[in-house]
Amino acid sequence: MSEIKIVDNEVFTLERPENYSGLYLPVANEKGLKSSLTANFGGDAKLNQNAFLLEPVSEINLHNNRGVRNIWINVDGKGAWSAVGASAEEENKKFTDDQDKSKITAGFMWQTVTRESEKYGLEASVTDFSPVESDVEILHFKITNKSSDVQLITPVAAIPVYGRSADNIRDHRHVTAMLHRISTFKNGLVVKPTLSFDERGHKKNNLSYFVCGVSGKGEAPKDFYTLVDSFIGEGGTLIRPYAVVKNITGVSAGSTAEGKEAMGGIRFETRTLLAGESAEYTIIMGITDDSKVPEKMTAIYDSTEKVEKALEDLKSYWHEKVNVSCSTGNKEMDSLMKWVSFQPFLRRIYGCSFLPHHDYGRGGRGWRDLWQDCLSLLIMDPKDVRKMIVDNYGGVRIDGTNATIIGSKPGEFIADRNGIARVWMDHGVWPFITTQLYINQTGDVDVLKEKASYFKDEQCMRGTELDKEWSADYGVKQKSADDKVYEGTIFEHILLENLCAFYEVGEHNHMRLRGADWNDALDMAADRGESVAFTAAYAGNLSQIASLLLKLKNEYGWKEINLLESIKNLISDNIDYDSVDAKKTQLVKYLNECKHKVSGKVAAFDPEEIAADLKKKSEWIMNHIRKTEWISGKDEGWFNSYYDNDGQAVEGYFDSGVRMMLTGQVFTIMSGTALENQVKDICKSADKYLYKKDIGGYRLNTNFHEEKYNMGRMFGFAYGEKENGAVFSHMAVMYANALYQRGFAAEGFKALNTLAQAALNFETSRIYPGIPEYFDAKGRGLYHYLTGAASWFLLTYVTEVYGVKGEYGKFTVSPKLMSEQFDSNGKASISLSFGGKKFFVTISNPKKKTFGEYKVKAASCDGKNIFTVEDGSAKMDKTTLSSLDESKTHTVEVEVE
């Protein structure tokens, strides 16, 4: 079996990649076009749900579909060879000694596949990428005569053009082909449907889908194949097309066709290749609303030299963009970290719906994604994060819930007019976690004083009622009694998200599960379900907000904070927190005051008084969970995470076996709810019941042996798949993060490292470098690239493992590296940016001690002692940091012993 080989941190190779199912690479830029690419150049390309250049694909289509970005070489006297391996002939040779030799070499947003045919005496090098400066996809190929004979070749690019909405894959597929209007010009063809048929209705179409080509020397194609049916011929297929096999003459430039499935067929002039001689060609494809773009793009990329420069520019761009690099002496792990650091950029581009496994939704990102993707940006590209954070808070409702339909523009949130939408009870947790990291990384506490509007739609009373007075004329911004848009501070938004959640409890006095929490598949317990796991997470937030408030008052001089007057109902309430009814009544009191409009009146609050109230609430929650949810066994124990829709605890010792879930352990540890001895017992229990090394480590849950219709759809999945007992990377990484935060570095390392090694073990994972959403029951990585696990993995590795983090703008280093993470010289390094400056940080541990055995002894920057060492951490103050030169990379040496 072949293995992934690392060329450098950003580039890998794999022999005969087409022999492995489900492999694909993202190819995109940040201008709009998004593609997926298999080793045979299958996959799709699109702008959005309603504009697909190539036919939409799910994972199953990767081996079902024959319509790929094919390159045919008709060799005089020998037949037709597919330079990408997508032919009936090559399929027939698969898994035999006669199969073509092939190898993929790939990096960020590009891939090159070389293929050699002994029969045809040809070698092809096919490269695909999306340039930084142009919103197109480029397919460049080089054909070399490897034989000793002179050969006559006729190259043909064959790319079926889908040209419409993904909805039409089954809904009016044939009818929408009738809308196609196809025209050819000197270098290619353009498909411009007359109308678009999708959920928006029947509308005039303004988009054109194009495929054009040029030789490496700037020569135009000879002719074109514009229709699928005439290209494949009667009884033919896309892997045995009649036009190629018979070398049929196509139509000339200036031709038109209509009403049929379109073919991006481009035939170049027949040419003679001497032994060892090569010929190069470029195919450019895209979607545009400007009729001049196809010809313009052809002119921009009309030579091999121009294409090569565009590719080098792309590589340089992403090398600069993905600016975190690790060096531990483990080449494979360092490369994995580079690809993990790249993944958050992919989710910003692709959302959660536009790669083959992610065949759900209609594109875009969800509420959690907005905040968790910011975590990685704060490490790699923080310059615009402040504005993103402020914009994102505009999606919070005055009742502490939030918009669930996210627009394509920054700060754009869209009303759901389909009735009462789902409320995910965990959504209020993430904004503060991200904002707190931002404040620590930058020292910018004034962001909390920034004002933002609140989102407003028909939902009110935390999604339990509809505001009958609301209409589209009201708009999607909360108004006050004077009919003006009400704006509150970012701090006010944070408070409302966390305080409203505190009061919305179920019969066991834990926060109601509602539509679901982080685990979307816990979606069938809306009436009596409760999430102990995220109740603990909110407790952690309340405690951290209280600490922040005290710092703001004592160190930043915040004597008072202005808040919406109605919030007094949620602060210093003097009610019995043991009473579920009292909490509900208090919440309704506040919600009734802001059902349609708010008063707009603000009042001054003492930060210290608010802090005391939040601390009281936090401690009550933690003590309540410790008292009611601890499951104790012999030398083991853990917390119950949920209550189901019958009001029953989900975890514990049952006749069917032990029931344990990871989520409740993560957030009780992370929040501080779990005491130190409880953390130890949780680790023992997780190792005993959830850990399986060869599939990535910690499963999301044990096998409940029940289809729990009173809990969620996850229990309908086969055990070991997705949310039902798979190793779900996101939660496994957050488990590691929580353990590191609490000082359990060895246990945290075990969770991170097992996950990483599973991803790197191509024999079972069958994925390119990176972290997938989950590993199935056999250890195969699925739903690659678009996962929040990447942001958390990067965050944990930088801020906990290497210990490079901010402390209210100070630059601090406090490593938690294990002995095996140092190289043979006892060094571990990381390159990153912090505070607008570039650093190369080296941790020196000559005795190769492990965490717990060493402490930071000394630290220097560019050879100067400008760090202070205290409490096991090296710290550089904000003033010193700001004085450093932005144009150079600063060398930081940290000694531990």
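Model, not experiment: these values are computed from the prediction.

**A short note on the overall build of the chain**
Each helix and strand in the chain was counted, giving 22 helices and 51 strands. For the chain, the C-alpha radius of gyration of 29 Å lies close to 29 Å, the compact-globule estimate for 897 residues. In terms of its C-alpha atoms, the chain occupies a principal-axis envelope of roughly 90 × 70 × 65 Å. Looking at the chain as a whole, 61% of its 897 residues qualify as buried.

**Brief notes about the pattern of salt bridges**
Under the defined criterion, the tally for this structure stands at 54 salt bridges. When the shortest N-O distance is used, the salt bridge between K387 and D391 registers 2.8 Å. Of the two residues, K387 and D391 both sit in helix α10 (residues 385–392), four residues apart, roughly one turn of that helix. A residue is classified by how much of its surface remains accessible, and K387, at 53% relative accessible area, is exposed. Linking E608 and K553 is a salt bridge whose minimum nitrogen-to-oxygen distance equals 3.3 Å. Placement of E608 in helix α15 (residues 607–628) and of K553 in helix α13 (residues 532–556) is noted, with a sequence separation of 55 residues between them. On the accessibility criterion, K553 (17% relative accessible area) is buried. Residues joined by salt bridges that share partners form a network here, namely E18, E90, K93, D100 and R115.

**Brief notes about the side chain of K456**
Along the polypeptide, K456 turns up in the loop between β27 (451–453) and β28 (459–460). Among the polar contacts made by the side chain of K456, one reaches the side chain of D467 at a distance of 2.9 Å.

**A closer look at the nonpolar core**
Counting residues in each nonpolar core, the largest one holds 282 residues, and the members touching the most others are Y735, F793 and F811. For this core, the element with the highest residue contribution is α13, accounting for 13 residues. Dropping the residues within four chain positions of it, F793 is found in contact with M333, M337, V340, V733, L752, L755, A756 and I771. A158, F231, L238 and V244 belong to the second largest nonpolar core, which has twelve residues in total.

**Description of the environment of Q741**
Considering the arrangement of structural elements, one finds Q741 in helix α18 (residues 729–741). When residues no more than four places from it in sequence are discounted, the contact partners of Q741 are M670, E800 and K816. Among the polar contacts made by the side chain of Q741, one reaches the side chain of N737 at a distance of 2.6 Å.

**Re the sheet that holds strand β51 (residues 889–896)**
Taken together, the five strands give an open sheet; going across it, the order is β24-β46-β47-β51-β48, and neighbouring strands pair in mixed fashion. Whereas interior strands pair on both sides, the edge strands pair on one side only; in this sheet they are β24 (325–327) and β48 (856–861). Adjacent strand axes in the sheet meet at a mean angle of 15° when their direction is disregarded. Pairing of β48 with β51 involves five bridges; the strand directions are antiparallel. Among the inter-strand pairings, C861 is bridged to a residue of β51, identified as V892.

**Structural notes on the sheet that holds strand β43 (residues 781–784)**
Taken together, the three strands give an open sheet; going across it, the order is β41-β42-β43, and neighbouring strands pair in antiparallel fashion. In this open sheet, the two edge strands, each paired with only one partner strand, are β41 (727–728) and β43. Where strand β42 (residues 772–775) lies against β43, three bridges are found, and the strand directions are antiparallel. Counterpart to P772 in the pairing with β43 is H784.

**With respect to a negative patch on the surface**
A contiguous patch of negative charge on the surface is contributed by D97, D98, E116 and E118. If you trace the backbone, E118 turns up in the loop between β10 (110–117) and β11 (122–129). Among the residues examined, E118 registers a relative accessible area of 80% and is labelled exposed.

**Brief notes about the packing of helix α12 (residues 490–503) against helix α14 (residues 580–592)**
At their nearest, the axes of α12 and α14 sit 8 Å apart, and the two run at 140° to each other. Considering the angle they form, α12 stands oblique to α14. Contacts between α12 and α14 involve L496, C500, F502 and Y503 from the first element and K583, K584, Q586, L587 and Y590 from the second. Class assignment of the residues belonging to the contact of α12 with α14 gives a composition of six nonpolar, one polar and two charged.

**Re the pairing of strand β1 (residues 5–8)**
The pairing of β1 with strand β2 (residues 11–15) spans three bridges and is classified as antiparallel. Each bridged residue has a counterpart across the sheet, and for K5 the counterpart in β2 is T13. Hairpin connection, β1 to β2: the antiparallel pair is bridged by two residues.

**Remarks on the packing of aromatic side chains**
Inspection of every chain in the model, using the stated rule, returns 43 aromatic pairs. Where Y797 meets Y802, the ring centres are 6.0 Å apart and the plane angle is 55°; that geometry is what we call tilted. Residue Y797 is classed as buried on the basis of its relative accessible area, which comes to 4%. With relative accessibility at 1%, the residue Y802 sits in the buried group. The cationic tip of R766 hangs over the ring face of F762; the distance from NZ or CZ to the ring centre is 5.8 Å.

**Focus on the state of the cysteines**
Evaluated as defined, the whole model comprises zero disulfides. There is no disulfide at C594, and the cysteine sulfur nearest it, in C500, is 7.1 Å away.

**Let's talk about the packing of helix α16 (residues 663–671) against α18**
Look at α16 against α18: their axes get within 8 Å of each other, and the N-to-C directions meet at 30°. Between α16 and α18, the crossing angle belongs to the class labelled roughly parallel. Seen along the crossing, α16 lies across α18 with a hand that is left-handed. Between α16 and α18, the residues in contact are T663, V666, F667, I669 and M670 and M731, M734, Y735, N737, A738, L739 and Q741, respectively.

**Here's the deal with the pairing of strand β9 (residues 101–107)**
Summarising the sheet, β2 and β9 pair through four bridges and their orientation is antiparallel. By the bridge assignment for β9, F12 is matched with A106. Sheet analysis places β9 next to β10, joined by seven bridges and oriented antiparallel. Note that in β10 the partner of A106 across the bridge is Q111. Where β9 folds back onto β10 in an antiparallel hairpin, the turn is made up of two residues, including M109, whose phi is positive at roughly 70°.

**Description of the side chain of N724**
Relative to the assigned elements, N724 resides in the loop between β40 (697–698) and β41. Side chain to side chain, N724 and N701 meet in a polar contact 3.2 Å long. Here F717 takes part through its backbone oxygen, which lies 3.0 Å from a polar atom of the side chain of N724. Beyond its immediate chain neighbours, meaning those up to four positions away, N724 contacts N701, M714, F715, F717, A718 and Y719.

**What to know about helix α6 (residues 293–300)**
Of the residues making up α6, those classed as buried are V293, P294, M297 and T298. The buried residues of α6 occupy an angular sector of 135° when the element is viewed end-on, so they sit on one face.

Conventions used here
- Residues numbered from 1 in each chain as written.
- Predicted model: local features only at pLDDT ≥ 70, side-chain atom pairs only at ≥ 80, totals over all residues.
- Heavy atoms only, no water.
- Helix = DSSP H or I, 4+ residues; strand = E, 2+ residues; numbered from the N terminus.
- Rg over C-alpha atoms; globule rule 2.2 N^0.38 Å.
- Buried < 20%, exposed > 50% of the residue type's maximum accessible area, 1.4 Å probe, protein only.
- Salt bridge = Lys/Arg side-chain N within 4 Å of Asp/Glu carboxyl O.
- Polar contact = N/O pair within 3.5 Å; in protein donor to acceptor, adjacent residues only side chain to side chain.
- Core = buried A, V, L, I, M, F, W, Y, C linked by side-chain atoms within 4.5 Å.
- Contact = heavy atoms within 4.5 Å.
- Pairing = 2+ DSSP bridges.
- Axes fitted to C-alpha atoms, helices over the stretch in contact; angles between N-to-C directions.
- Patch = residues over 30% accessible without salt bridge, like charges linked within 9 Å, V, L, I, M, F, W, Y side chains within 5 Å.
- Areas by Shrake-Rupley, 256 points an atom, 1.4 Å probe, with all protein chains shown as cover.
- Lys, Arg positive; Asp, Glu negative; His and termini not counted.
- Charge placed at Lys NZ, Arg CZ, Asp CG, Glu CD.
- Parallel < 35°, antiparallel > 145°, perpendicular 65-115°, else oblique.
- Nonpolar A, V, L, I, M, F, W, Y, C, P; charged D, E, K, R; others polar.
- Phe/Tyr/Trp six-rings, centres within 6.5 Å; stacked < 30°, edge-to-face > 60°.
- Lys NZ or Arg CZ within 6 Å of the ring centre and 35° of its normal.
- Disulfide = S-S within 2.5 Å.
- Left-handed = near helix turned anticlockwise from the far one by under 90°.
- Arc of directions from axis to C-beta.

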